[in-house]
Amino acid sequence: MIIVELVRDAVTSPTNRNNPITLEIKVLTTLRYLVTVKMQLCIADELGISQSSVSRISHQTINALSRPHILRQFIRFPLDVRQLQRNKAHFMAIAGLPGVVGAIDGTHVQIIAPSQDEHAFVNRKKNHSINTQVVFDTSYNIFDICAKWPGATHDSRILQESGLRQLFERHHVPAGCHLVGDSGYPCRTWLLTPYIHPQSGPQFNYNRAHKKTRSVVERGIGQMKCRFHVLHGDMWLTPKKASRITTVCAILHNLCQQCNIPQPEEYEDDDYDVAATDDDEGGVAVHVLRKMLMEQDHHKLLQDCQEQGLGRRGQEPGGQEEGGQEGGGQEHCHYWQQNCWP
């Protein structure tokens, strides 16, 4: 099992004294929390371990999965020219927008009010959250994630401070490669944003193609949140732990994609319903959970997971929609009128 092998060196008990919890049960417990967000006491009763053990091993496993070398293994922005050309072709096929290699957006993961700097985590919807920047390709793989900024932070600020911006501005990504983002981002030569007040003709056509192309990231965020219900509602965790869990969910999402595990049912833009997804389409966590339970003959726990764990409705994904465009509109218009649109 891939996940077990990823954390074996960091999570395996050093001795067999006092009947230690097996590595498989540790992974199972963590995945059950990420998928169903059940209370630790409920998970403890179902698996026959103590609540304190559930807390300890979940924390241990999540820390192991979020290590930098595992993050780099599963989430990395492509710099290979051939891969970038394939990405351009795939995005071009959506709506004819040339040169696009990824779609970027922000999504808020809600948390309880932290004890320090509480005001910084209040987002525009008056909820406490972590604002997470994410980039998807057309196959809904995550190329980049930054899950550490307080909810009050604007999407454009997160991009400005990110390593992703440096990849483009320091020319590690070849010229002619673009991201697409909403109007919460500033227009750049490598970041295409929509016209706020488009005129009929080329500007309207561009906005229409842009919106259709950018929907990739909205659907990708929806799929990730459908797979991991811990990303819905309020995490009763510190911002640092919530950020780490969000990153782990992104890693597991990409692992699911690499293993060709069926995706959650797709929904239009932000209007997706977690309750509509079948457990067969719940992603890597549900798939692994089912397999481990069957191997250990925990059929009752599996049925409980299916009946109770997949019935919560998620918050709307997506970032801030307006207010981030910082000039560049005329240059933006000129470039696309000259090179792309009749």
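Residues numbered from 1 in each chain as written. Predicted model: local features only at pLDDT ≥ 70, side-chain atom pairs only at ≥ 80, totals over all residues. Heavy atoms only, no water.

Asks: For this particular structure, what's the right way to read the overall build of the protein?
Replies: The number of helices and strands found in the protein is 13 helices and 5 strands. Per-residue burial over the protein gives 54% buried out of 342 residues. Long-range pairs, those at least 24 residues apart, make up 70% of the contacts in the protein with a sequence separation of at least 6. Of the roughly 16000 Å² that the protein leaves accessible, carbon and sulfur atoms contribute 48%. (Helix = DSSP H or I, 4+ residues; strand = E, 2+ residues; numbered from the N terminus. Buried < 20%, exposed > 50% of the residue type's maximum accessible area, 1.4 Å probe, protein only. Contact = heavy atoms within 4.5 Å. Areas by Shrake-Rupley, 256 points an atom, 1.4 Å probe, with all protein chains shown as cover.)

Asks: Would you mind going over the side chain of Arg165 with me for this structure?
Replies: Its place among the elements puts Arg165 in helix 8 (residues 163-169). Sequence-distant contacts of Arg165, that is, excluding residues within four places in its chain, are made with Leu159, Gln160 and Trp190.

Asks: Just checking my understanding: could you explain the environment of His253 for this structure?
Replies: Mapping His253 onto the fold places it in helix 10 (residues 239-258). A relative accessible area of 0% places His253 in the buried class. When the C-alpha positions of His253 and Gly220 are compared, they lie 9.7 Å apart, and in sequence the two are 33 residues distant. Setting aside anything within four residues of it in sequence, one finds His253 in contact with Phe136, Tyr140, Ile142, Gly220, Gln223, Met224, Arg227 and Phe228.

Asks: I would appreciate a short explanation of the packing of aromatic side chains in the present structure.
Replies: Here the structure, examined in full by the defined rule, presents 4 aromatic pairs. Arranged with centres 5.6 Å apart and planes meeting at 75 degrees, the rings of Phe77 and Phe168 form a pair that is edge-to-face. Of this pair, Phe77 sits in the loop between helix 5 (68-74) and helix 6 (81-95) while Phe168 is found in helix 8, placing the two residues 91 residues apart along the sequence. Side by side, Phe77 and Phe168 carry an identical accessibility label, which is buried. Between Tyr195 and Tyr206 the ring centres are 5.6 Å apart and the planes differ by 85 degrees, which places this aromatic pair in the edge-to-face class. (Phe/Tyr/Trp six-rings, centres within 6.5 Å; stacked < 30°, edge-to-face > 60°.)

Asks: It is not clear to me how the pattern of salt bridges should be interpreted in this structure. Could you clarify?
Replies: Opposite charge on two side chains allows them to pair when their charged atoms are near. Applying the stated criterion across every chain, the model contains 6 salt bridges. Among the salt bridges present, the one from Arg67 reaches Asp9, with a minimum N-O distance of 3.2 Å. In this pair, Arg67 is assigned in the loop between helix 4 (51-65) and helix 5 and Asp9 in helix 1 (residues 2-11), connecting sequence segments 58 residues apart. Given a relative accessible area of 61%, Asp9 falls into the exposed group. Among the ionic pairs, Asp80 bridges to Arg82, the shortest N-O distance being 4.0 Å. Residue Asp80 is classed as partly exposed on the basis of its relative accessible area of 38%. Here Arg82 falls in the exposed class, since its relative accessible area comes to 61%. (Salt bridge = Lys/Arg side-chain N within 4 Å of Asp/Glu carboxyl O.)

Asks: So what exactly am I meant to see when it comes to the nonpolar core here?
Replies: Within the largest apolar cluster, 51 residues are counted, with the highest numbers of intra-cluster contacts made by Leu34 and Val230. Among the elements that line this core, the one with the most residues is helix 10, at 8 residues. With 15 residues, the next largest nonpolar core counts Leu84, Ile104, Phe143 and Tyr185 among its residues. (Core = buried A, V, L, I, M, F, W, Y, C linked by side-chain atoms within 4.5 Å.)

Asks: Can you help me understand the packing of helix 4 against helix 10 in this one?
Replies: The description of two helices packed together rests on the angle between their axes and the distance between the axes. Where helix 4 contacts helix 10, the two axes come as close as 9 Å, and the packing angle between them is 60 degrees. Regarding the angle of helix 4 to helix 10, the classification is oblique. Where helix 4 crosses over helix 10, the two elements pack in a sense that is left-handed. Where helix 4 abuts helix 10, its residues His59, Ile62, Asn63 and Leu65 lie against Lys241, Arg244, Ile245, Val248 and Ile251. Here the contact of helix 4 with helix 10 is built from residues that sort into 5 nonpolar, 2 polar and 2 charged. (Axes fitted to C-alpha atoms, helices over the stretch in contact; angles between N-to-C directions. Parallel < 35°, antiparallel > 145°, perpendicular 65-115°, else oblique. Left-handed = near helix turned anticlockwise from the far one by under 90°. Nonpolar A, V, L, I, M, F, W, Y, C, P; charged D, E, K, R; others polar.)

Asks: What is the right way to read helix 1 from this model?
Replies: One turn of the α-helix equals 3.6 residues, which is why residues spaced by three or four share an orientation. Those residues of helix 1 that sit buried are Ile3, Val4, Leu6, Val7 and Val11. Angular distribution of buried residues about the axis of helix 1 spans 160 degrees; they occupy a single face of the element. (Arc of directions from axis to C-beta.)

Asks: Would you take a moment to explain helix 9 (residues 202-227) for this structure?
Replies: Under the 1.5 Å per step criterion, the end-to-end length of helix 9 is 39 Å for 26 residues, consistent within 8% with the ideal 38 Å. The principal kink in helix 9, of about 25 degrees, is found at Arg214. Burial within helix 9 is extensive, with 19 of its 26 residues counted as buried. (Expected span 1.5 Å × (residues − 1). Bend = angle between axes of the 7 residues up to and from the residue.)

Asks: Explain the pairing of strand 3 (residues 142-150) here, please?
Replies: The buried fraction of strand 3 amounts to 8 of the 9 residues, a majority that puts the element mostly inside the structure. Where strand 2 (residues 129-136) and strand 3 come together, 6 bridges link them in antiparallel fashion. Within the sheet, the bridge partner assigned to Ile130 lies in strand 3 and is Pro150. What sits between the antiparallel neighbours strand 2 and strand 3 is a turn of 5 residues, in which Tyr140 has the positive phi angle 65 degrees. (Pairing = 2+ DSSP bridges.)

Asks: When you look at the confidence of the model for the protein in this model, what are you seeing that I'm missing?
Replies: Parts of the prediction with low pLDDT should not have their coordinates interpreted in detail. With 71% of its residues at a pLDDT of 70 or more, the protein shows a mean pLDDT of 78. A low-confidence stretch, residues 266-342 stays under pLDDT 50, and its non-local contacts, those more than four residues away or across chains, total 189 contacts. (pLDDT = per-residue confidence, 0-100.)

Asks: Would you mind going over the environment of Ser129 with me for this structure?
Replies: For Ser129, the position within the fold is in strand 2. Sequence spacing of Ser129 and Trp149 is 20 residues, and the spatial spacing of their C-alpha atoms is 8.8 Å. Apart from residues no more than four positions distant in its own chain, Ser129 is found in contact with His108, Val109, Gln110, Ile111, Phe121, Asn123, Trp149, Pro150 and Gly151. Engagement of the side chain of Ser129 in a polar contact is seen with the side chain of Asn123, the distance being 2.9 Å. (Polar contact = N/O pair within 3.5 Å; in protein donor to acceptor, adjacent residues only side chain to side chain.)

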